[in-house]
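Structural description and commentary
Each chain is listed here by its residues.
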Amino acid sequence: MWPSLPPQALSTADREALGRPETVFRSRQPVSLRIAASVVGGGCATAIVLALLGLPFIGLVMLAVVVGSLGIWRLLPPALERRWLAVHEHGFVDVVEFPVGPPVLQTVRWSEVAHAQLSSDPADAFTLAIRPPPGAASAPMAGALPAETRHAEVAPGGSASALPAALGNDGAAPRLLSLTGLAPRGRLIDTIGRHVPGSIDPTAQRNWAEAHQHDRRVAAGLGALVVATLLLTVILPGSGSAQRSVAGSFTPHSAPRSYSTAIDSPLPPVYSETPSAPTAPDEGSSGVVSGIPGSTYDYAAVCDGTVFPDAPAYTGPPRHYVYVDVEARGHEAEYYLGDLSAWESDTPSEIQLVACVQYTLGSVIGSCRYQGTGGKVLTQTLRNATYEVWVRSARTGQMVGHSRFRGSVRSCEETIVTFGGRAPSIQITRPSLAQLRSSIGRYVTG
């Protein structure tokens, strides 16, 4: 990603007898920690909002793009000026490469470094004071770096008292060479301090280290925020998937699934297009029915308040068989809770519990296409669904458990069944096995 050090740097170091090469420092794109925190925080908040709206995967991709873009921007070389500092045994070569023209080089021996000025507040700055050669004027050298790169004011935290001692034999003031923007900064400071002992004020170095440590803690906090957001997005209701997901897909499948026309019964009743709020089943005000029902389907009346005092009591060891009644609220939709045969019974005298399930529709998350044997293609809109489950005793109508959750299986069903050659226009997300166990199964198996 970063271009290599221009070969002129090595030839210049050999010509100036700077000794063996040690390391190379490079300039990096400046990234404000405050801006990074704003961008990452905004990306995390947006990802969570998208997850709550039923689009968690779009949120995850968006967050990955935001964080990845920050990292790539930090690693990319500056567009208008690429800079290297090639450190050698007896000095260094400062190389600046512009978009047009050859690179500009200058060499500095360690013996020419008078002192370093290091500051972290109010701005991060690192500057070297370079002694002019004996008899040289204080004017810039020919072929040296541009003024905006080479010269700098004495940074806050620098040692102004060291300037007189740094003067050349003819009284010429040292020139200032800014190293701000070169990285890694900590290793650069250690390198300068090792080659020019006493050149860096210990107090200024300690203050910079504390500020740098604070920045590292903030960056680590942003990383932890991203990880927490990823985990939260996955565990939010409706954001997981037990099957292959189509979340975030707003185009039909390229290969339609099949549907069956084996059942050609009259169309089921169509619900009103005006959604209504879910209401809890009645508390037993609709009547008492003596005897055991002739069919397990009769237990659906428990959800309307009817009780069956001759039904088995919800006592003793499991298994406590359940009858599950599903009711849509406001819309007709294709739904399938899953295979509950292990918890249900076809024998009315074994039913102890009734699970009253109501669902309401949420946001659109995709579409599902199915193709029949005659070639006709049916399309259903896939939408989020929120489920509310009341588990009651068939004998007394007493509530045993209550739960509410968003269906987390967000994939299209493999096959559907048409009624009268037609199918509902809506398909909904379904509960996962874990959600069914938590809301119904635990009361059956104990």
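This section reports on the structure supplied with the text. The numbers attached to residues start from 1 for each chain and follow its sequence in the written order. This being a predicted model, a pLDDT of at least 70 is required before a residue's local features are given, and a value of 80 or more before pairs of side-chain atoms are given or counted; all residues contribute to the totals for chains, interfaces and linings. For the side-chain quantities, the full set of heavy atoms in the structure was used; hydrogens and water were omitted.

**So, the sheet that holds strand S2 (residues 82-88)**
Strand order in the open sheet formed by five strands is S4-S3-S2-S1-S8, and the pairing between neighbours is antiparallel. Edge positions in the open sheet fall to strand S4 (104-109) and strand S8 (182-183), since each of these has one partner strand only. Here a strand pair is declared whenever DSSP counts at least two bridges between the two strands. Helix and strand definitions here come from DSSP, where helices need a minimum of 4 consecutive H or I residues and strands a minimum of 2 consecutive E residues; each element is numbered from the N-terminal end. Bridge count for S2 against strand S3 (residues 91-97) is six bridges, and the pairing is antiparallel. By the bridge assignment for S3, Arg82 is matched with Glu97. Contact definition: two residues touch when any of their heavy atoms are within 4.5 Å. Here the axes come from fitting lines to C-alpha atoms, over the contacting stretch only for helices, and the angles between their N-to-C directions go from 0 to 180 degrees. In the packing of helix H5 (residues 185-195) onto the sheet, the strands contacted are strand S1 (21-27), S2 and S8, and the crossing angle to S1 comes to about 140 degrees.

**Quick look at the pairing of strand S14 (residues 377-393)**
When you tally the buried positions in S14, you get 13 out of 17 residues, the bulk of the element. Two strands pair when backbone bridges link them, and strand S13 (residues 351-371) and S14 are joined in this way by 16 bridges, in the antiparallel orientation. Residue Leu353 lies in a different strand from S14, and its bridge partner there is Ser393. Two elements, S14 and strand S15 (residues 399-406), share seven bridges in a ladder whose sense is antiparallel. Counted as the bridge partner of Glu388 is Arg404 from S15. What sits between the antiparallel neighbours S14 and S15 is a turn of five residues, in which Gly397 has the positive phi angle 80 degrees. Only protein chains enter the accessibility calculation, which uses a 1.4 Å probe. A residue is then buried if its area is under 20% of the maximum for its type, exposed if over 50%, and partly exposed in between.

**Observations regarding the pattern of salt bridges**
Within this document, salt bridges are pairs made up of a side-chain nitrogen of Lys or Arg and a carboxyl oxygen of Asp or Glu, the two lying within 4 Å of each other. On inspection of all chains with the given rule, the structure shows four salt bridges. When the shortest N-O distance is used, the salt bridge between Arg82 and Glu97 registers 4.0 Å. Separated by 15 residues along the polypeptide, Arg82 in strand S2 and Glu97 in strand S3 bring together distant segments of the chain.

**Considerations on the sheet that holds strand S6 (residues 125-130)**
What the three strands build is an open sheet, ordered S5-S6-S7; its pairing is antiparallel. Both outer strands of the open sheet, strand S5 (113-119) and strand S7 (175-178), are each paired with one neighbouring strand and no more. Direction aside, the axes of adjacent strands within the sheet are offset by 25 degrees on average. In the sheet, S5 pairs with S6 via six bridges, with the strands oriented antiparallel. Its bridge partner lying in S6, Gln117 is registered against Thr127. Sitting on the sheet, H5 is in contact with S5 and S6, with an inclination near 25 degrees to S6.

**What about unusual backbone geometry?**
Note that the residue after Ala183, namely Pro184, is joined by a cis bond; omega there is 0 degrees. As for its placement among the helices and strands, Pro184 is situated in the loop between S8 and H5. Cis geometry marks the peptide bond from Pro318 to Arg319, where omega comes out at 25 degrees. In this fold, Arg319 is placed in the loop between strand S11 (306-307) and strand S12 (321-328). Within the chain, Ala17 stands out as a residue other than glycine whose phi angle is a positive 55 degrees. Positionally, Ala17 belongs in the loop between helix H1 (7-15) and S1. Given the relative accessible area of 47%, Ala17 is considered partly exposed.

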